[in-house]
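Take a look at the letters that make up each chain.
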Amino acid sequence: MTDDAYLFLLADTDASLGVPPTVVGELSCMDTPAVRAWLDAQGAAATSPRLRVLPPEETGAIPEHAERLPVPLSDEELNLLRHRTVPEAVARAEEELMAYRDRTDDRDALIGRALAAGVPPHRIAELTGVDPATVTTAAAG
């Protein structure tokens, strides 16, 4: 696994892998000379429906033949990207988990709902700031 997200070009615009960078918002990497040169070399525009981006933990799903470019994203950009690449139920649970940082009540219930929605324990710990061992304990309870 790499720490970089990846831009890549799909052969088929109907594929549901990744999301177009425009869906995530204005990614700072899109204005870099490296990305502009890569897009030019591929004959693709930044708004191409074939252009997609995936977070680091998902890049193994990129087809072997796909043209790809690693791109660093800020923590905020990476959170937005992850939020856009998950099912709606997971996205709602992640929003609750991020809001949890500002409160302390109903921790175990919130963690249980997030786990039930399919949010992985490591992501719960990342979003809430809660120790991973606490997430595991809440999941067991």
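Residues numbered from 1 in each chain as written. Predicted model: local features only at pLDDT ≥ 70, side-chain atom pairs only at ≥ 80, totals over all residues. Heavy atoms only, no water.

Participant: What am I meant to see in the sheet that holds strand E3 (residues 68–71) here?
Facilitator: Read across the open sheet, the three strands follow the order E2-E1-E3; overall the sheet is antiparallel. Two strands in the sheet have a free side with no partner beyond their single neighbour: strand E2 (51–54) and E3. The average undirected angle you get between the axes of adjacent strands in this sheet is 25°. Sheet analysis places strand E1 (residues 5–9) next to E2, joined by four bridges and oriented antiparallel. (Pairing = 2+ DSSP bridges. Helix = DSSP H or I, 4+ residues; strand = E, 2+ residues; numbered from the N terminus. Axes fitted to C-alpha atoms, helices over the stretch in contact; angles between N-to-C directions.)

Participant: For this particular structure, what's the right way to read helix H5 (residues 107–117)?
Facilitator: Given 3.6 residues per turn, any residue in an α-helix points the same way as the ones three and four places further on. Within H5, burial applies to Leu110, Ile111 and Ala114. All buried residues of H5 project into a common sector of 95° when viewed along the axis, lining one side. The positive-phi residue at the C-terminal boundary of H5 is Gly118, with phi of around 105°. (Buried < 20%, exposed > 50% of the residue type's maximum accessible area, 1.4 Å probe, protein only. Arc of directions from axis to C-beta.)

Participant: For this particular structure, what's the right way to read the side chain of Thr128?
Facilitator: Here Thr128 shows up in helix H6 (residues 121–128). Among the polar contacts made by the side chain of Thr128, one reaches the main-chain carbonyl oxygen of Ile124 at a distance of 2.8 Å. Here Val130 takes part through its backbone nitrogen, which lies 3.0 Å from a polar atom of the side chain of Thr128. (Polar contact = N/O pair within 3.5 Å; in protein donor to acceptor, adjacent residues only side chain to side chain.)

Participant: Is there a simple way to think about H6 in this case?
Facilitator: Among the residues of H6, Arg123, Ile124, Ala125, Leu127 and Thr128 are the ones counted as buried. Directly after H6, the chain includes Gly129, whose backbone phi takes a positive value near 80°.

Participant: I would appreciate a short explanation of the environment of Glu126 in the present structure.
Facilitator: Here Glu126 is to be found in helix H6. Engagement of the side chain of Glu126 in a polar contact is seen with the side chain of Arg123, the distance being 2.6 Å.

Participant: Explain the pairing of E1 to me, please; I cannot follow it from the model alone.
Facilitator: Side chains on a regular strand alternate between the two faces of the sheet. Burial runs high along E1: five of the five residues are buried. Here E1 shows no split at all, with Ala5, Leu7 and Leu9 on one side and Tyr6 and Phe8 on the other all buried. With four bridges connecting them, E1 and E3 associate as antiparallel partners. Residue pairing in the sheet places Phe8 in a bridge with Arg68 of E3.

Participant: Is there a simple way to explain the pattern of salt bridges in this structure?
Facilitator: Pairing between side chains of opposite charge can happen when the charged atoms of each approach one another. In the structure shown here, the tally under the stated rule is three salt bridges. Across the salt bridge formed by Glu57 and Arg82, the nearest N and O atoms sit 2.7 Å from each other. You can see Glu57 sitting in the loop between E2 and E3 and its partner Arg82 sitting in helix H3 (residues 75–84), a full 25 residues away along the chain. Since its relative accessible area comes to 34%, Glu57 is described here as partly exposed. Between Glu126 and Arg82 there is a salt bridge; the shortest N-O distance is 3.1 Å. Here Glu126 is found in helix H6, whereas its partner Arg82 is found in helix H3, with 44 residues between them in sequence. (Salt bridge = Lys/Arg side-chain N within 4 Å of Asp/Glu carboxyl O.)

Participant: Would you mind showing me how to read the environment of Thr85 here?
Facilitator: By the element assignment, Thr85 lies in the loop between H3 and helix H4 (88–100). Through-space distance from the C-alpha of Thr85 to that of Ser16 is 9.7 Å; in sequence the pair is 69 residues apart. Apart from residues lying up to four places away in sequence, Thr85 is in contact with Val19 and Pro55. (Contact = heavy atoms within 4.5 Å.)

Participant: Would you mind showing me how to read the layout of surface pockets here?
Facilitator: Empty space among the atoms can be located by rolling a probe the size of a water molecule over them. The volume enclosed by the largest pocket comes to roughly 240 Å³. Forming the boundary of the largest pocket are 17 residues, of which Glu57, Glu58, Thr85, Val86 and Pro120 lie nearest the centre. Only H4 and H6 provide two or more residues apiece to the lining of the largest pocket. Of the residues assigned to the lining of the largest pocket, the class counts are seven nonpolar, five polar and five charged. (1 Å grid on protein atoms, 1.4 Å probe; cavity = no way out; pocket = protein on both sides within 12 Å on 5 of 7 lines; lining within 4 Å. Points joined across faces, edges and corners; volume = space filled by probe spheres on them. Nonpolar A, V, L, I, M, F, W, Y, C, P; charged D, E, K, R; others polar.)

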